[in-house]
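The residues making up each chain are set out below.
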Amino acid sequence: MAGASGTLDLRGRSASARFEENPATRDNPWARRIILATSLAFFALFLVMPLAAVFVEALRRGLSVYVAALTEPDALSAIKLTLIVAAVSVPMNLVFGIAAAWAITKFDFKGKQFLITLIDLPFSVSPVIAGLVFVLVFGAQGWFGPWLRENDIKVIFAVPGIVLATVFVTFPFVARELIPLMQAQGTEEEEAALTLGATGWQMFRRVTLPNIKWALLYGVILCNARAMGEFGAVSVVSGHIRGLTNTMPLHVEILYNEYQFAAAFAVASLLALLALLTLALKSYIEWRTAQQGTVGDTP
Amino acid sequence: MSIAVRDITKRFGPFTALDGVSLDFAPGKLIALLGPSGCGKTTLLRIIAGLEWADSGRVLLGDQDASDRHVRERQVGFVFQHYALFRHMTVFENVAFGLRVKPRVARPSEAQIRKRVDDLLELVQLGWLASRYPTQLSGGQRQRIALARALAVEPRVLLLDEPFGALDAQVRKELRGWLRRLHSELHLTSIFVTHDQDEALDVADEIVLMNKGRVEQVGAAQDVYETPATEFACSFLGAVNRFPGRIRGDELELAGDWLPVVAHGIGEGEKAIALARPHELQILSIDSAGPGLRARVERVLINGPVARIELKGETILNGTGSYPTFEAEVPRDRLGGLDLKVGKHVRLSANRLRAFPYQSL
């Protein structure tokens, strides 16, 4: 089964190589150069330059300023809060994503199509509106506001609100990775496990999970990247209290607005590094998935 | 162990997949559930396994009512059309799966598991593939591994859902014989689903012929082939020629011509349809007296020991509205005496055809 790694012909060449080497299908060399140059220029201007600018600006005033910007108490508390938020929301979405994908692909029920559409809602709604919804529901003037105040629970302008908003925004990542894969894999292997005497948990642990693990990890990584980088929804519910409810993206904004450019870029560079790490992990997983598709998994 | 189903009914929305099916499967037999696609045979098999629930009716395994039992408690071996091997496990681990998931008290030791899996791989003659992954095997090998995996847990019955359906013709033929031999070694009550009448006739001790959610006929393979109970049974089990007409005593009247028939339970003068397999038709000279109807040779195909002759009738038969086409088979060595050429007029006859009540389509 080729598939994931691209189509190979009998001599193992990729389809694009075959296309290029064949004089009958080869493009005019000038057309090729122009297409390549355009895409590379675009790539440099809109992707590489901003990324480089972050690091250049972060280190412009020297390494000591860079380190100081990252180790001052407010920055440390922002980093800590971001990690906490990711550590809570990613596992929640992991569990939800598996449950939703399982329900959609292994069961038949009314309103399935509606649920699939609903999972995509956080992608189609502006994050700011998502934040506002939580303010309206849990805020002081909101539906549950009085009850929350009486019981001395703070949601909005506090950590729980930030977690809620983040969970909402990162809701679709895991489920959307799993649903197509689990649909393609069907339920036969699970049925086989049941006829062989496996319990529901054994079936999930030994059959379903190994089959979806790479897609699951992929979803988790994307989910984590978004959870750490989310700005809009979190900004609405956080209240921007320094040292208390500021996540890294919010901290960057505050520093920037206060003309502390070097510090702002220093914190931003951490987020950029996270993004690069995520990309590296993502490529690795894609490569592993392709490997698995061709010659089976190696334990 | 015997298997029985009683009054099984299953609906999928407005579609009735099974309509009050009752059957008894004798212990130790290899039985084919045969029928066209959509006749409910796979659904019945899955209901016996517990992978599907009947709307009403009961499933009996041995003398126990298994209707409310969970799949894993039914101890059935199930083989899927598309193998359903665990793709992330080696062949060895696939076969060992059923042993490894047993509750701790019943689980064999690692050495026992190894022994049992090795024995099973030996049984399916694929011991040398133990460390491969399913994607590295051919279709036929995968299905044999799937069978070994199903046998590992010592099931009380074996259920196979179109086990050879995804394989090419050559491998399919090979595996049929192999399954037949394996069954005569194990004597495990086995039911296999197929839509291929040759496969059913070739492999099974007994055939259950199904159509539209109902059982048409049950019997030994040869009986079902030679004495079909219904028009459907007759036409599904092989190519047939159709003669729609009216019953007159022992004859079927066909627009001026006639054929001798055996008609049970059809009244004098009623509409009936007689069916003849290609090898039952006789091609006679156009001047010969007696039964038969006039036809013209359209095509003569000679490949192998039997010649196939396509003919077009020269009279429009009851309710068909066009000239009928027929297919006859003649042993090659008798072909010379007939002197058949395309366009030649002949008389087509048959001995004692089976007549069934006419059902307008």
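Residues numbered from 1 in each chain as written. Chains lettered and ligands numbered in written order. Predicted model: local features only at pLDDT ≥ 70, side-chain atom pairs only at ≥ 80, totals over all residues. Heavy atoms only, no water.

A. Layout of the overall build of chain B. When its secondary structure is counted, chain B shows 10 helices and 20 strands. Taking the principal axes of its C-alpha atoms as reference, chain B extends roughly 80 × 45 × 35 Å. Residues classed as buried in chain B amount to 49% of the 361 residues present. A separation of at least 24 residues holds for 65% of the contacts in chain B among residues at least 6 apart in sequence. (Helix = DSSP H or I, 4+ residues; strand = E, 2+ residues; numbered from the N terminus. Buried < 20%, exposed > 50% of the residue type's maximum accessible area, 1.4 Å probe, protein only. Contact = heavy atoms within 4.5 Å.)

B. The overall build of chain A, seen in detail. Helix and strand counts for chain A come out as 15 helices and zero strands. The buried share of chain A, reckoned over its 299 residues, is 38%. In chain A, the proportion of contacts linking residues at least 24 apart, taken out of those at least 6 apart, comes to 70%. Surface exposure of chain A reaches about 16,700 Å², of which carbon and sulfur atoms provide 70%. The distance from the centre of the 22 positive side-chain charges to the centre of the 21 negative ones in chain A is 4 Å. (Areas by Shrake-Rupley, 256 points an atom, 1.4 Å probe, with all protein chains shown as cover. Lys, Arg positive; Asp, Glu negative; His and termini not counted. Charge placed at Lys NZ, Arg CZ, Asp CG, Glu CD.)

C. Summary view of the pattern of salt bridges. All names here are of chain B. According to the stated counting rule, one finds 29 salt bridges over all chains in the structure shown. Put simply, Arg46 and Glu52 hold a salt bridge, and the shortest N to O gap is 3.1 Å. Glu52 shares its class with Arg46; the two are buried. In this structure, Asp119 and Lys115 form a salt bridge, with 2.8 Å as the shortest nitrogen-oxygen distance. A residue pair is termed a helical-turn pair when its members lie 3 or 4 positions apart in one helix, as Asp119 and Lys115 do in helix α4 (residues 110-123) at four residues. (Salt bridge = Lys/Arg side-chain N within 4 Å of Asp/Glu carboxyl O.)

D. Inspection of the environment of B:Glu253 at higher detail. Note on placement: B:Glu253 falls in strand β12 (residues 251-254). The spatial distance from the C-alpha of B:Glu253 to the C-alpha of B:Met210 is 31 Å, given a sequence separation of 43 residues.

E. The arrangement of a positive patch on the surface in detail. On the surface, A:Arg205, A:Arg206, B:Arg104 and B:Arg107 cluster together into a positively charged patch. Structurally, the position occupied by B:Arg107 is in the loop between α3 (91-100) and α4. In this structure B:Arg107 comes out as partly exposed when scored by relative accessible area, which is 34%. (Patch = residues over 30% accessible without salt bridge, like charges linked within 9 Å, V, L, I, M, F, W, Y side chains within 5 Å.)

F. Fine view of the sheet that holds β12(B). All names here are of chain B. Spatial ordering of the closed barrel is given by β11-β12-β13-β20-β14, a layout of five strands whose pairing is mixed. Across the sheet, the mean angle separating the axes of adjacent strands is 55 degrees when strand polarity is ignored. Examined bridge by bridge, strand β11 (residues 241-248) and strand β14 (residues 271-276) share six bridges and lie antiparallel to one another. The partner of Arg246 across the bridge, within β14, is Lys271. (Pairing = 2+ DSSP bridges. Axes fitted to C-alpha atoms, helices over the stretch in contact; angles between N-to-C directions.)

G. Representation of the environment of B:Phe12. Residue and element names in this part refer to chain B. You can see Phe12 is positioned in strand β1 (residues 3-12). What makes Phe12 partly exposed here is its relative accessible area of 37%. C-alpha separation for the pair Phe12 and Lys115, spaced 103 residues apart in sequence, amounts to 44 Å. Not counting residues up to four positions away in its chain, the partners in contact with Phe12 are Ala17, Thr43 and Glu52.

H. Looking closely at the packing of α3(B) against α4(B). Residue and element names in this part refer to chain B. Closest axis-to-axis distance for the α3/α4 pair is 10 Å, and the angle between their directions is 125 degrees. Relative to α4, the element α3 lies oblique. Classified by chirality, the crossing of α4 by α3 is right-handed. Contacts between α3 and α4 involve Val91, Phe92, Val95, Ala96, Leu99 and Arg100 from the former and Glu110, Ile113, Arg114, Arg116, Val117, Asp118, Leu120 and Leu121 from the latter. Of the residues assigned to the contact of α3 with α4, the class counts are nine nonpolar, no polar and five charged. (Parallel < 35°, antiparallel > 145°, perpendicular 65-115°, else oblique. Left-handed = near helix turned anticlockwise from the far one by under 90°. Nonpolar A, V, L, I, M, F, W, Y, C, P; charged D, E, K, R; others polar.)

I. Structural detail: the confidence of the model for chain B. Taken over all residues, the pLDDT of chain B has a mean of 88, while the share at 70 or more is 99%. Predicted complex metrics record ipTM = 0.82 and pTM = 0.78. (pLDDT = per-residue confidence, 0-100.)

J. Focus on the sheet that holds strand β10 (residues 214-220) of chain B. All names here are of chain B. Taken in spatial order, the six strands line up as β6-β7-β8-β3-β9-β10 in an open sheet, and their pairing is mixed. The open sheet terminates on both sides in strands that have one partner only, identified here as β6 (76-79) and β10. Neighbouring strand axes in the sheet, compared pairwise and without regard to direction, differ in orientation by 15 degrees on average.

K. The arrangement of the interface of chain A and chain B in detail. The partner chain B presents 25 residues to the 24 residues of chain A that form the contact. Surface buried jointly by chain A and chain B totals about 2,200 Å² across both partners, of which 59% is contributed by carbon and sulfur atoms. Looking only at chain A, the three residues that lose the most surface to chain B are A:Thr195, A:Leu196 and A:Arg206, adding up to 30% of its buried area. Scanning the region where chain A abuts chain B turns up two salt bridges. For B:Arg87, the salt bridge goes to A:Glu189, with nearest N and O atoms at 2.6 Å. (Buried area = accessible area lost by both parts, 1.4 Å probe.)

L. Fine view of the packing of helix α3 (residues 63-71) of chain A against helix α4 (residues 73-106) of chain A. All names here are of chain A. Running from amino to carboxyl end, α3 crosses α4 at an angle of 60 degrees, the nearest separation of the two axes being 5 Å. For the element pair α3 / α4, the angle class is oblique. Residues Ala69, Leu70 and Thr71 of α3 form the contact with α4, whose participating residues are Pro73, Ala75, Leu76 and Ile79.

M. Broad picture of helix α1 (residues 41-49) of chain B. Residue and element names in this part refer to chain B. The buried count for α1 comes to eight of nine residues, which makes it a mostly enclosed element. Of all the positions in α1, only Lys41, Thr43, Leu44, Leu45, Arg46, Ile47, Ile48 and Ala49 are classed as buried. Gly50 sits one or two residues past α1 and shows a positive phi near 95 degrees.

N. Spotlight on the packing of aromatic side chains. All chains considered together, the criterion is met by 16 aromatic pairs over all chains. Consider the rings of A:Phe123 and A:Phe173, whose centres lie 5.2 Å apart with planes at 80 degrees: the pair is edge-to-face. With A:Phe123 in helix α6 (residues 121-124) and A:Phe173 in helix α10 (residues 172-185), the pair connects residues that are 50 residues apart, well separated along the chain. Classification of A:Phe173 as buried rests on a relative accessible area of 15%. Where B:Phe232 meets B:Phe236, the ring centres are 5.5 Å apart and the plane angle is 20 degrees; that geometry is what we call stacked. Linking B:Phe232 with B:Phe236, this pair stays in helix α9 (residues 231-236), spanning four residues, or about one helical turn. When sorted by exposure, B:Phe232 lands in the same class as B:Phe236, which is buried. (Phe/Tyr/Trp six-rings, centres within 6.5 Å; stacked < 30°, edge-to-face > 60°.)

O. Region of interest: the pairing of β6(B). Residues and elements named next belong to chain B. On β6, burial covers both faces: Val76 and Phe78 on one face and Gly77 and Val79 on the other are all buried. Judged from the four bridges that link them, β6 and strand β7 (residues 157-161) form a sheet pairing that is parallel. The residue of β7 that forms the bridge with Gly77 is Leu158.

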